[in-house]
Amino acid sequence: MTDRLVYWAYALGWGLLKHLPERVARGLFDRLADYAWRRRGKRVLQLEANLRRVRPGVDGAELRELSRAGMRSYLRYWMESFRLPVWSRERVARDVQVEGFEHLRTQLEAGRGAVIALPHMGNWDLAGAWVAQQGYPFTTVAERLKPERLFDRFVAFRESLGMEVLALTGGSVNVIGTLARRLREGRMVCLVGDRDLSDAGIRVSFFGEETRMPAGPAALCQRTGAALLPVTLWYDGPVLRARIHPEVPVPEEGDRKERTLAMTQAMAEVWERGIREHPQDWHMLQKFWLADLPVRETVKAAPVERVEAAAEPAAEASGS
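Conventions used here
- Residues numbered from 1 in each chain as written.
- Predicted model: local features only at pLDDT ≥ 70, side-chain atom pairs only at ≥ 80, totals over all residues.
- Heavy atoms only, no water.
- Phe/Tyr/Trp six-rings, centres within 6.5 Å; stacked < 30°, edge-to-face > 60°.
- Helix = DSSP H or I, 4+ residues; strand = E, 2+ residues; numbered from the N terminus.
- Buried < 20%, exposed > 50% of the residue type's maximum accessible area, 1.4 Å probe, protein only.
- Pairing = 2+ DSSP bridges.
- Core = buried A, V, L, I, M, F, W, Y, C linked by side-chain atoms within 4.5 Å.
- Contact = heavy atoms within 4.5 Å.
- Patch = residues over 30% accessible without salt bridge, like charges linked within 9 Å, V, L, I, M, F, W, Y side chains within 5 Å.
- Areas by Shrake-Rupley, 256 points an atom, 1.4 Å probe, with all protein chains shown as cover.
- Salt bridge = Lys/Arg side-chain N within 4 Å of Asp/Glu carboxyl O.
- Expected span 1.5 Å × (residues − 1).
- Polar contact = N/O pair within 3.5 Å; in protein donor to acceptor, adjacent residues only side chain to side chain.
- Axes fitted to C-alpha atoms, helices over the stretch in contact; angles between N-to-C directions.
- Parallel < 35°, antiparallel > 145°, perpendicular 65-115°, else oblique.
- Left-handed = near helix turned anticlockwise from the far one by under 90°.

Visitor: Got a minute to help me understand the packing of aromatic side chains in this structure?
Guide: The relation between two aromatic rings is expressed through the spacing of the ring centres and the mutual angle of the planes. Counted by the stated rule, this structure contains 13 aromatic pairs. When the centroid spacing of 4.6 Å and the interplanar angle of 25 degrees are considered together, the rings of Tyr77 and Trp124 count as stacked. Of the two residues, Tyr77 is situated in helix α4 (residues 60–83) and Trp124 in helix α7 (residues 124–133); the sequence distance between them amounts to 47 residues. When sorted by exposure, Tyr77 lands in the same class as Trp124, which is buried. Both rings, one in Trp282 and one in Trp289, keep their centres 6.0 Å apart while their planes meet at 80 degrees; by these two values the pair is edge-to-face.

See the structure below:
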């Protein structure tokens, strides 16, 4: 599909879907999910390969039903995101239920920054809208999409929900420096952190196999004194549930690289438990484990060192 067609497909979703009755929209996206699932394309097969790691004892029929539920959950995310601009505050408050919010509120009310780190579960946009409604705006990072106007539309959509959105690449803003400054101001940063997009992540064990996850959340917390709070999300009937887990503390021993690795591994283990409980709501349709990925060249600079250098106060003073 060309960039032009991609843009108009998304524009059609934003422009028309929000006007459909709820039941019609949900039924349409369930049918789209089932159609994609029956075709057994590359992304569905990869979803099943990933789910097999999460549920290693599952038989073929159970895996197929799990992947069908996974595709319905994934398309539900898109359906809700297209309709979210017209949802009322009352609707968001009703359809999102959060456990452990005191872990976040305590940090922010004390003037301490917090990094909310979550995997690709449930609907992170909807959860973000709920948090912003509680009076806690936050900063996040988005992968730059093509075409450019599609990315601009995503940014405008998320900013309308109360988020400050920074482009991961290609922008004039010092992303790490801006995130560090927000945290030092006692504010909140939200990062989807289960998938390494930079090819510079650190190796962790996840469901018994090696993968890479970004060093940023843990490294930022060490440099700024912010709290690292893992979150898991899942659907429960019509409700999106979220659990804010207790803080992942900075280890007392080891150098910075060792502490960052330990914190990222601890965060991954929290996500692992959440995904094991609700595997259908983990929207990982891409290759994820190192065993499935092509061999990549060794990164010259250690990712932890690059993140920490970028997060130094001098970087923040650069006007980003």
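Visitor: Explain unusual backbone geometry here, please?
Guide: The phi angle of most residues is negative, glycine excepted, and most peptide bonds adopt the trans form. The phi dihedral of Arg40 falls on the positive side, at around 55 degrees, and the residue is not glycine. Position of Arg40 relative to the elements: it lies in the loop between α2 (22–39) and α3 (42–54). Classification of Arg40 as partly exposed rests on a relative accessible area of 32%.

Visitor: What am I meant to see in the pairing of strand β6 (residues 202–206) here?
Guide: A regular strand places its side chains so that they alternate between the two faces of the sheet. Along β6, the buried face is formed by Ile202, Val204 and Phe206; none of Arg203 and Ser205, which line the opposite face, is buried. Where β6 and strand β7 (residues 209–213) come together, five bridges link them in antiparallel fashion. Bridge assignment links Ile202 to a residue of β7, and that residue is Met213.

Visitor: Would you explain the nonpolar core in this entry?
Guide: Side chains that are nonpolar tend, in soluble globular proteins, to be buried together. Judged by nonpolar contacts, the single largest core of 83 residues is most densely connected at Leu104, Ile116, Met188, Phe206, Leu228, Leu233 and Trp282. Looking at which element gives the most residues to this core, the answer is α4, with nine residues. Setting aside residues up to four positions removed in sequence, Phe206 forms contacts with Thr211, Met213, Ala268, Trp271, Glu272, Ile275, Trp282, Phe288 and Trp289.

Visitor: Help me out: how do you make sense of a nonpolar patch on the surface in this one?
Guide: A contiguous nonpolar patch, built from Leu20, Val24, Leu28 and Leu32 and spanning about 280 Å² of accessible area, is present on the exposed surface. Mapping Leu28 onto the fold places it in helix α2. Look at Leu28 and you get partly exposed, because its relative accessible area is 32%.

Visitor: Any chance you could explain α4 here in plain terms?
Guide: At 3.6 residues per turn, the α-helix brings residues three or four places apart onto the same side. End to end, α4 covers 35 Å across 24 residues, agreeing with the expected 34 Å (1.5 Å per residue, within 8%). The opening residue of α4 is Asp59, an N-cap whose side-chain oxygen sits 3.2 Å from the backbone nitrogen of Ala61.

Visitor: Is there a simple way to think about the side chain of Thr260 in this case?
Guide: Structurally, the position occupied by Thr260 is in helix α11 (residues 256–277). A relative accessible area of 0% means that Thr260 is categorised as buried. Separated by 2.5 Å, the side chains of Thr260 and Gln222 make a polar contact.

Visitor: Can you help me understand the sheet that holds strand β2 (residues 114–118) in this one?
Guide: Hydrogen bonding along the main chain pairs the strands of a sheet, whether they run parallel or antiparallel. Read from one edge to the other, the open sheet built from seven strands follows the order β1-β9-β8-β2-β5-β3-β4, with strand pairing classed as mixed. Two strands in the sheet have a free side with no partner beyond their single neighbour: β1 (96–99) and β4 (163–167). With strand direction ignored, the average angle separating the axes of adjacent strands in the sheet is 25 degrees. Alignment of strand β3 (residues 138–142) against β4, held across five bridges, turns out to be parallel. Directly across from Ala142, in β4, lies its bridge partner Ala167. Across the sheet, helix α10 (residues 216–224) lies against β2, β5 (188–192) and β8 (227–236), angled at about 145 degrees from β8, the strand it touches most. Seen against the sheet, α11 touches β2, β8 and β9 (239–244) and runs at an angle of roughly 10 degrees to β8.

Visitor: Before we go on, may I ask you to explain α10 in this structure?
Guide: Of all nine residues making up α10, eight are buried, and the element is well covered by its neighbours. Gly216, Pro217, Ala218, Ala219, Leu220, Cys221, Gln222 and Thr224 are the residues of α10 that are buried. Just past α10, the residue Gly225 takes up positive phi, approximately 80 degrees.

Visitor: What is the right way to read the environment of Arg43 from this model?
Guide: Mapped onto the elements, Arg43 comes out in helix α3. Expressed as a C-alpha distance, the spacing of Arg43 and Met284, which sit 241 residues apart in the sequence, is 9.0 Å. Apart from the residues within four sequence positions on either side, Arg43 is in contact with Tyr74, Leu285 and Gln286.

Visitor: When you look at the environment of Ala218 in this model, what are you seeing that I'm missing?
Guide: Among the secondary structure elements, Ala218 is positioned in helix α10. Separated by 43 residues in the primary sequence, Ala218 and Leu261 have C-alpha atoms spaced 8.0 Å apart. Each residue touching Ala218, except ones within four places of it in the same chain, is listed here: Leu228, Thr260, Met263 and Thr264.

Visitor: Would you mind going over the packing of α10 against α11 with me for this structure?
Guide: A pair of packed helices is captured by two measures, namely the crossing angle of their axes and the spacing between those axes. Contact pair α10 / α11: the axes reach a minimum separation of 8 Å and the direction vectors enclose 125 degrees. Our classification of the angle between α10 and α11 gives oblique. Two packed elements cross with a definite hand, and for α10 against α11 that hand is right-handed. In this structure, α10 contributes Pro217, Ala218, Ala219, Cys221, Gln222 and Arg223 to the contact, and α11 contributes Arg256, Arg259, Thr260, Met263, Thr264 and Met267.

Visitor: Explanation requested: the pairing of β3 in the structure shown.
Guide: Most of β3 is tucked away, with four of its five residues classed as buried. Where β3 lies against β5, three bridges are found, and the strand directions are parallel. By the bridge assignment, Phe138 is partnered in β5 with Met188.

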